[in-house]
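This is what each chain is made of:
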Amino acid sequence: MAQRLPTSNVVIIGVGAVGGVAALPLARAGLQVIGLEAGTRLTSRDFAPDELRNNVRGWPQAVQKANREVPTHRRSESTPYSPRQSIHPMMNAVVGTSLHYHGQRWRLNPWDFKVVSETARRYGSSRIPAGSTVEDWPFGLEELESYYDQVEYEVGVSGKAGNIGGTIDSGGNIFEGPRRREYPMPPLRGTGFTEHMAEAARGLGWHAFAGPAAINSQPYEGRPGCAYHGFCNRGGCHVDAKNSTAVSTIPKAQETGNFSVVTQAHVTTIEVDDEGRATGVTYLKDGQEYFQPAAVVLLASYIYENVRTLLLSKSRAFPNGLSNNHGQVGRHYFSHARARVAALFPWNLNKWYGAPAQGVAVDEWADDNFDHSDLDFIGGGILFVPTERRPISAAQMNTFGRAPRWGSSWKAFIKENADRWAGTSIQKTTLPYEDNYLDLDPTVTDPLGFPVCRITADFKDNERKIAAFVQDKMVEWFTAAGAIETVKASLGTMGPSTHAYGGTRMGDDPETNVVDRWGFSHEVGNLGILGASVMGTSGARNPTLTAQALAWRTAEYLAANRGTITG
Ligand SMILES: Cc1cc2nc3c(=O)[nH]c(=O)nc-3n(C[C@H](O)[C@H](O)[C@H](O)COP(=O)(O)OP(=O)(O)OC[C@H]3O[C@@H](n4cnc5c(N)ncnc54)[C@H](O)[C@@H]3O)c2cc1C
Ligand code: SF4
């Protein structure tokens, strides 16, 4: 029998990158908020600049709930399952995956909100790929701009603006939409290598700029600037210069006295009454079941768990899962296709320090920033070259056909070239398609006996054509910079991803979307859903800033419309 707890105004499931942001405007507005978080609290004392521990043995993910619920994957309904990953890319803690993420902080470009109408206007509607379920967002970039701005300042972002109120500054990204003001901090510093790459891009007539990062380039709100020490990739920051929610919005929300977090609370289901209104959340902690009643439930457990929790929350009102009477939960799923390119240079690049978010970007070949009239795809990718390098991954370098993969010749090759190669993973447009979706696995379960999430998805023609196109552009850039060899990796398929989207898409039409333009369920008025699961397009850039801006917007809407939402 679940122990019933006192009622709260709002309960947030998952205190990660987006749940940890939504708590702040709610707590500041005076609502009593409880965050239920499956993980524990980690602090800078728990982190170590240790590639073996972080990147090979997968700490802290290796000891996590997430690893016991890794989604299964198959390319299509008629293909066998892909081998199941042993380590989930995401993690559990009061901070979520913003603890060990890289911290790149991209806004979407204006086109990303209007893929359907802008494609139709410029090239004709026949250019939307067959089978794609892509829709325009219910609003444009201008609606999200103030939330982007607020999150950038509350969390702390380093960067250079390329468009302030319509005035273009070629020091930043000239393709970005208008923003109201500069970033709170200047960009992370460049290195000899990134400056050399920027120069090569300019030689090609492209605009190079420093990518924005949630890493302090100088002291910010009492936390120091980055030490550029080189173990930022899958590691927490031991000096708190990487701006996760654990060092920014979560402590600010707790300081109000209105936000409390229950750790190691594993939410199993969201409960509803006979009218189909959410009544609260059932969770397990230390073997005991609890029921946390709340006037409003916000689900923020990352896309796979958002979808799984809804599908597991069956009731008389929702026999196929919560908010799923239109059959839309799990639909319109997609993840970023990353097109990888590696290059070999004839000199040492001095990349033994720095952060993966410290790099140089080119946006010419993303979105609709170039003319697609004579091309057979829509969308594109952002070229980004980071500067970090670590010993184990350096030794795992491609040998570019110049040496065998083992033995003394291999060792001699690595010794000479470990600091002479650069790799990049190009983020590019992926669209949602009719036959790419998430559901519950019919046979694979977690230790509690609940089915894990199943991904049925693969990249389509449009994504493969973009990959080939942007890889060629990256080869052109590396070659202009003096690379003597380049190699392009194949695209692979759409297994569990750190950049996953859809499954609870946002839109005005309840027939094709789970949540409305404010992030609240079309079917359950007091259930809000946070995270990239509400995003209908990805653009060609990392999701977290956009997901956090949307979460802030949903929370602010809730605070302003509390009476209507709680009924
Ligand atoms: C190595 C790596 C690098 C990345 N780099 C970048 C980058 O440079 N830029 C970028 O924008 N994005 C990056 N990402 C992606 C980024 O981490 C995610 O976009 C972001 O963390 C998603 O936020 P979220 O709140 O939806 O999920 P999370 O941050 O993962 O938070 C979800 C929270 O929900 C909790 N939870 C889950 N299930 C339950 C349950 N049943 N009960 C209670 N709590 C639960 C989890 O414990 C977790 O704390 C990276 C990710 C990885 C892994
Ligand atoms: S590179 Fe900078 S932000 Fe990253 S862990 Fe080191 S000090 Fe922290």
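Residues numbered from 1 in each chain as written. Chains lettered and ligands numbered in written order. Predicted model: local features only at pLDDT ≥ 70, side-chain atom pairs only at ≥ 80, totals over all residues. Heavy atoms only, no water.

Some remarks on the overall build of the chain
From N to C terminus, the chain includes twelve helices and 21 strands. Along the longest, intermediate and shortest principal axes, the C-alpha atoms of the chain span 70 × 55 × 50 Å. Considering the chain as a whole, with its 567 residues, one finds that 60% of them fall into the buried category. The contacts in the chain between residues at least 6 apart in sequence include a share of 76% that link residues at least 24 apart. Summing over all exposed atoms, the chain offers an accessible surface of approximately 20,600 Å²; the carbon and sulfur share of this is 50%. (Helix = DSSP H or I, 4+ residues; strand = E, 2+ residues; numbered from the N terminus. Buried < 20%, exposed > 50% of the residue type's maximum accessible area, 1.4 Å probe, protein only. Contact = heavy atoms within 4.5 Å. Areas by Shrake-Rupley, 256 points an atom, 1.4 Å probe, with all protein chains shown as cover.)

A word on the site of ligand 2
Close to ligand 2 lie Ile215, Cys226, Ala227, Tyr228, His229, Cys232, Cys237, Val239, Lys242 and Ala355. Broken down by class, the residue content of the shell around ligand 2 amounts to eight nonpolar, one polar and one charged. (Near = heavy atom within 4 Å. Nonpolar A, V, L, I, M, F, W, Y, C, P; charged D, E, K, R; others polar.)

Observations concerning the sheet that holds strand β4 (residues 72-74)
The mixed open sheet is built from three strands, whose spatial order is β4-β18-β17. Looking along the sheet, the strands with just one partner apiece sit at the ends: β4 and β17 (437-445). Averaged over all adjacent pairs, the angle separating strand axes in this sheet is 35°, with direction ignored. Direction of pairing for β4 relative to strand β18 (residues 451-456): parallel, over a ladder of three bridges. (Pairing = 2+ DSSP bridges. Axes fitted to C-alpha atoms, helices over the stretch in contact; angles between N-to-C directions.)

Things to note about the site of ligand 1
Lining the immediate environment of ligand 1, one finds 34 residues, of which Glu37, Asn92, Thr97, Gln104 and Thr544 sit closest. Backbone polar atom of glutamine 104 to an oxygen atom of ligand 1: 2.8 Å apart, as the coordinates give it. Here a nitrogen atom of ligand 1 and a side-chain polar atom of asparagine 542 are 3.2 Å apart. Isolated, ligand 1 exposes 980 Å² of accessible area, and the fraction of that covered by the protein chains is 97%. Taken together, the residues of the shell around ligand 1 sort by class into 14 nonpolar, 16 polar and four charged. (Polar contact = N/O pair within 3.5 Å; in protein donor to acceptor, adjacent residues only side chain to side chain.)

Details of a nonpolar patch on the surface
On the surface, Leu52, Val56 and Ile392 cluster together into a nonpolar patch covering about 210 Å² of accessible area. By the element assignment, isoleucine 392 lies in helix α8 (residues 391-395). With a relative accessible area of 31%, isoleucine 392 lands in the partly exposed category. (Patch = residues over 30% accessible without salt bridge, like charges linked within 9 Å, V, L, I, M, F, W, Y side chains within 5 Å. Salt bridge = Lys/Arg side-chain N within 4 Å of Asp/Glu carboxyl O.)

With respect to the packing of helix α5 (residues 192-203) against helix α10 (residues 461-480)
Look at α5 against α10: their axes get within 8 Å of each other, and the N-to-C directions meet at 110°. Judged by the angle between their axes, α5 and α10 are roughly perpendicular. Two packed elements cross with a definite hand, and for α5 against α10 that hand is right-handed. Of the residues in α10, those in contact with Met197, Ala200 and Ala201 of α5 are Met474, Trp477, Phe478 and Ala480. (Parallel < 35°, antiparallel > 145°, perpendicular 65-115°, else oblique. Left-handed = near helix turned anticlockwise from the far one by under 90°.)

What to know about the packing of aromatic side chains
Following the criterion strictly, the structure yields 20 aromatic pairs and no others. Taking the centre distance of 5.6 Å and the plane angle of 55° together, the rings of phenylalanine 345 and tryptophan 347 count as tilted. Judged by relative accessible area, which is 34%, tryptophan 347 ranks as partly exposed. Taken together, a centroid distance of 6.1 Å and an interplanar angle of 80° make the contact between phenylalanine 345 and phenylalanine 478 edge-to-face. In this pair, phenylalanine 345 is assigned in the loop between β13 (337-344) and β14 (359-362) and phenylalanine 478 in helix α10, connecting sequence segments 133 residues apart. Residues phenylalanine 345 and phenylalanine 478 agree in their burial class; the two are buried. Arginine 181 extends its terminal NZ or CZ atom over the ring of tyrosine 153, reaching a point 3.5 Å from the ring centre. Above the face of the tryptophan 365 ring, lysine 473 is positioned so that its terminal group lies 4.0 Å from the ring centre. (Phe/Tyr/Trp six-rings, centres within 6.5 Å; stacked < 30°, edge-to-face > 60°. Lys NZ or Arg CZ within 6 Å of the ring centre and 35° of its normal.)

Focus on the pattern of salt bridges
Applying the stated criterion to the full structure yields 37 salt bridges. For glutamate 182, the salt bridge identified is with lysine 160, shortest N-O distance 2.7 Å. Of this pair, glutamate 182 sits in the loop between β6 (167-168) and α5 while lysine 160 sits in the loop between α4 (141-156) and β5 (163-164), and the two are 22 residues apart along the sequence. The residue arginine 179 makes a salt bridge to glutamate 176 at a minimum N-O spacing of 3.1 Å. As far as the burial class goes, arginine 179 and glutamate 176 line up, both buried. A single salt-bridge network, built from bridges that share partners, covers Arg107, Glu145, Glu152, Glu176, Arg179 and Arg180.

Focus on unusual backbone geometry
The backbone of arginine 234 sits at a positive phi, close to 65°, despite the residue not being glycine. If you trace the backbone, arginine 234 turns up in the loop between β7 (208-210) and α6 (249-255). Phi is positive for histidine 332, which is not a glycine, with a value near 60°. Tracing the backbone through its elements, the reader meets histidine 332 in the loop between α7 (303-312) and β12 (334-335).

Some remarks on the side chain of glutamine 64
One can find glutamine 64 in the loop between α2 (51-56) and β4. Of note is the side chain of glutamine 64, whose polar atom sits 2.5 Å from the backbone nitrogen of asparagine 92. The residues contacting glutamine 64, other than those within four sequence positions of it, are Met91, Asn92 and Ala93.

What to know about the side chain of asparagine 243
Along the polypeptide, asparagine 243 turns up in the loop between β7 and α6. Asparagine 243 gets classed as buried once you look at its relative accessible area, which sits at 1%. Reaching out from asparagine 243, the side chain makes a polar contact with the side chain of asparagine 216 at a distance of 2.7 Å. If sequence neighbours within four positions are ignored, asparagine 243 has contacts with Tyr101, Val155, Gly156, Met185, Ala214, Ile215, Asn216 and Arg223.

Points about α10
Taking 1.5 Å of rise per residue, 20 residues should cover 28 Å, and α10 covers 29 Å from first to last C-alpha, within 8% of that figure. Every buried residue of α10 is accounted for by Asn462, Glu463, Ile466, Ala467, Phe469, Val470, Gln471, Lys473, Met474, Val475, Trp477 and Phe478. Buried residues in α10 make contact with α5, β13, β14, β15 (381-386), β16 (421-428) and β19 (485-488). Remark: glycine 482 follows α10 within two positions and exhibits a positive phi of approximately 110°. (Expected span 1.5 Å × (residues − 1).)

In short, the description is geometric, and any link to function would need to be established separately.
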